[in-house]
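Analysis of the macromolecular model
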Amino acid sequence: RQNYNHFKMNFTMKTVLFLSCFSAVLFQNAHGDVSYSFPEEMKRGSVIGNVAKDLGLQTGALTNRRPRIDTDGPEKRYCDVNLDNGELIVADRIDREVLCGEKASCILKQELVLENPLELHRVSLHVQDINDNAPQFNEKIISLEIQESAVRGARFVLEEAHDADVGQNAVQQYSLERNDHFILAVDRNKIELVLDKELDREKYKEINVLLTALDGGSPQRSGTVVIHVSVLDANDNAPVFSQEVYKASLPEDSPLDTLVVTVSAADADEGLNGDVTYDFGHVSDEVRKIFSIDRKSGEIVLIGSVDYETTSSYEIRVKAKDGLGLSSYAKVIISVTDVNDNAPVINVKSLTTPIPEDTSPGTEVGIINVQDRDSEKNRQVRCSIQQNVPFKLVPSIKNYYSLVTTGQLDRELVSDYNITISATDEGSPPLSSSKTVHLSVADINDNPPVFEEQSYSAYVSENNKPGSTLCSVSARDPDWRQNGTVIYSLVPAEVNGASVSSYLSVNGDTGVIHAVRSFDYEQLRSFKVHVMARDNGSPPLSSNV
């Protein structure tokens, strides 16, 4: 006859509630703008000012605030912030003439971005001119042909010198080398060579005098040109433009060979003396690569590409010259008009990943910046993300958006999100762009192990060998890594006055239960034990069976 000892294990479950808080980052509007004035061409690393001090920021907290200088789109960043002391330092060469040309005021707009909380401060850099350019004439020699019959007081217009500097550092005065026949008359920007003594071709067929242009900088700089006068017979009238100023509008997507504007000048003289030709006055090499002027017709044609976002207008000086050298000047202003040729650019300025799965709804997890280099309606942008994710974009300062959670996250359901951010401008037709942001959800220990059965039963013959296998239990935990690693143990208890561990043992890794001793049916027919499954989380979660 065989006797069996019956073991029954009852299942009980303990639920532990694990709560964690994740603080939300609040936006704070810009509460201070700063401006600095400093000379151009300062060395890299030179100190412009202390933004931390000027904005009342604690220098010890700068690293956590992650300060950085930001710009619109692809524009250069000309300064940086020293995280140790909050000083604003020169990061790239600042050449006022390159940046602002002939504008009297040169202001670079930069933005200081701070995080934790997000702040945006506008930084205005007033770049002061230094006298680093000398006056220059457009030609090495100015050639004039003057009739010997010209009367005393006759005037001949000269092209003025150009100085890339501005204000006092620009051209301030002219001087003419002492000579027997000519003096100089200067009225604002108009320079005229005035005949002070009649010419005699039999004495002098040619006359050379030196014209000097001086700026007002310190030290003073100068430039010179030789005026070469050929003494001829009579050319009484200089060409006269139909307008002093010509204005034209040019869309930035205009094709090459587009006619921009036609200038026209008339000369009352006849024959060669009245034959008018056109040319540019003093213009930069860049302008000559973009526009050309027909010497005969005065047509100004587009030969290169224009970009509204780079240069919105051109001011060009044109010259009309007759056959014997008399000339006059006019101004052409070409306004470049914007077309919607730039799609919005999406920049991820900050991103928190992975995100704890117990993150509260409304928590900021990213900072997005959207830029469009076009103007007016063409740069107005709508920004959105797809609907099937627990996130949304919240408009913030200027063209910044906060990426925030809208619902509870559960890593066991979705562990990763690919969020597509779309930006569309208001142009016609509108242009769009998109960017995909990858966010991972970090596990927290929010699931206890769960046994596969509510109870387990095992049967063993008496007089069994110690160490024999009785049964096994199994529990699963959907959490990740250590949070989902299950360890088995016996719940401390007594059986017939002795510790349960003197009867049974359980393998902590596999859940296999072994007999520790040989059982006697006549002494013990059945008993119950509890097995605990515990995970490795912090704090650990467990359940019993």
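This write-up is about the structure you can find in this document. (Residues numbered from 1 in each chain as written. Predicted model: local features only at pLDDT ≥ 70, side-chain atom pairs only at ≥ 80, totals over all residues. Heavy atoms only, no water.)

**Brief notes about the overall build of the protein**
Quick reminder of the rule: Think of it this way: any DSSP run of H or I at least four residues long counts as a helix, any run of E at least two long counts as a strand, and we number them from the N terminus. For this measure, only C-alpha atoms enter the radius of gyration; the expected value for a globule follows 2.2 Å times N^0.38, where N is the number of residues. Residue burial is assigned from relative accessible area. The probe radius is 1.4 Å, only protein chains are included, and a residue is buried under 20% of its type maximum, exposed over 50%, and partly exposed in between. Note on contacts: a residue pair qualifies if any of its non-hydrogen atoms lie within 4.5 Å across the two residues. Shrake-Rupley sampling with a 1.4 Å probe provides the accessible areas, and residues are treated as covered by the protein chains on show and by no other component.
The number of helices and strands found in the protein is 4 helices and 44 strands. Relative to the globule expectation of 24 Å for 545 residues, the C-alpha radius of gyration of the protein, 43 Å, shows a markedly less compact shape. Seen through its principal axes, the protein has C-alpha atoms that stretch 155 × 45 × 35 Å. By the burial criterion, 44% of the 545 residues in the protein qualify as buried. Once local pairs closer than 6 in sequence are excluded, the contacts in the protein between residues at least 24 apart make up 69%. Total accessible area on the protein stands at roughly 28400 Å², and carbon and sulfur atoms take up 46% of it.

**Some remarks on the state of the cysteines**
Selection rule: Cysteine sulfur atoms are paired as a disulfide whenever they fall within 2.5 Å.
As enumerated under the stated definition, the model contains 1 disulfide in all. Two residues share a disulfide in this structure: Cys100 and Cys106, whose sulfurs sit 2.0 Å from each other. Across the S-S bond linking Cys100 and Cys106, the dihedral sits near 65°, which makes this disulfide right-handed. Each member of the pair Cys100 and Cys106 is classed as buried. Looking at the unpaired Cys79, the closest cysteine sulfur is the one in Cys106, lying at 13 Å. Residue Cys79 is classed as buried on the basis of its relative accessible area, which comes to 0%.

**Examining the pattern of salt bridges**
The following threshold applies: By convention in these notes, a salt bridge is any Lys or Arg side-chain nitrogen within 4 Å of a carboxyl oxygen on Asp or Glu.
Scanning the model with the defined rule gives 22 salt bridges in all. Here Glu115 makes a salt bridge to Arg68, at a shortest N to O gap of 2.8 Å. Placement of Glu115 in the loop between β7 (107–114) and β8 (119–128) and of Arg68 in strand β4 (residues 68–70) is noted, with a sequence separation of 47 residues between them. With relative accessibility at 22%, the residue Arg68 sits in the partly exposed group. Arg93 is the salt-bridge partner of Asp95, the closest N and O atoms lying 3.0 Å from each other. Since its relative accessible area comes to 46%, Arg93 is described here as partly exposed.

**Some details on the sheet that holds strand β23 (residues 313–321)**
Going by this rule: DSSP bridges decide pairing: two strands pair if at least two such bridges lie between them. For helices, the axis comes from a line fit to the C-alpha atoms of the stretch in contact; other axes are also lines fit to C-alpha atoms, and the angle between any two N-to-C directions lies between 0 and 180 degrees.
Pairing is mixed in the open sheet, where 4 strands are placed in the order β17-β24-β23-β20. Two strands bound the open sheet, and with one partner strand each, they are β17 (245–251) and β20 (277–280). Along the sheet, successive strands turn relative to each other by an average axial angle of 30°, direction set aside. Pairing of β23 with strand β24 (residues 327–337) involves 9 bridges; the strand directions are antiparallel. Directly across from Lys321, in β24, lies its bridge partner Ser327.

**Remarks on the sheet that holds strand β14 (residues 206–215)**
Spatial ordering of the open sheet is given by β9-β15-β14-β11, a layout of 4 strands whose pairing is mixed. Strand pairing shows two members of the sheet lacking a second neighbour, β9 (141–147) and β11 (171–176), which therefore form its edges. Sheet twist, expressed as the average angle between the axes of neighbouring strands with direction ignored, equals 25°. Where β11 and β14 come together, 5 bridges link them in antiparallel fashion. Paired with Tyr174 across the bridge in β14 is Ala213.

**With respect to the side chain of Asp372**
What counts is decided by this rule: Under the counting rule used here, the positive set is Lys and Arg, the negative set is Asp and Glu, and His together with the chain ends is not counted. Within 3.5 Å is the distance limit for a polar contact, defined as a pair of N or O atoms, with the added protein rule that one can donate a hydrogen and the other accept it, and that residues adjacent in sequence qualify only through two side-chain atoms.
By secondary structure assignment, the location of Asp372 is in the loop between β27 (364–371) and β28 (381–385). It is Arg379 that comes nearest to the buried, bridge-free Asp372 among opposite-charge side chains, at 6.3 Å. Looking at Asp372, its side chain comes within polar contact range of the main-chain nitrogen of Asp374, at 3.0 Å. With residues near it in sequence (within four places) discarded, Asp372 still touches Asn342, Ala343, Pro344, Asn378, Arg379, Val381 and Asp425.

Take it as geometry only, folks, not as evidence of what the structure does.
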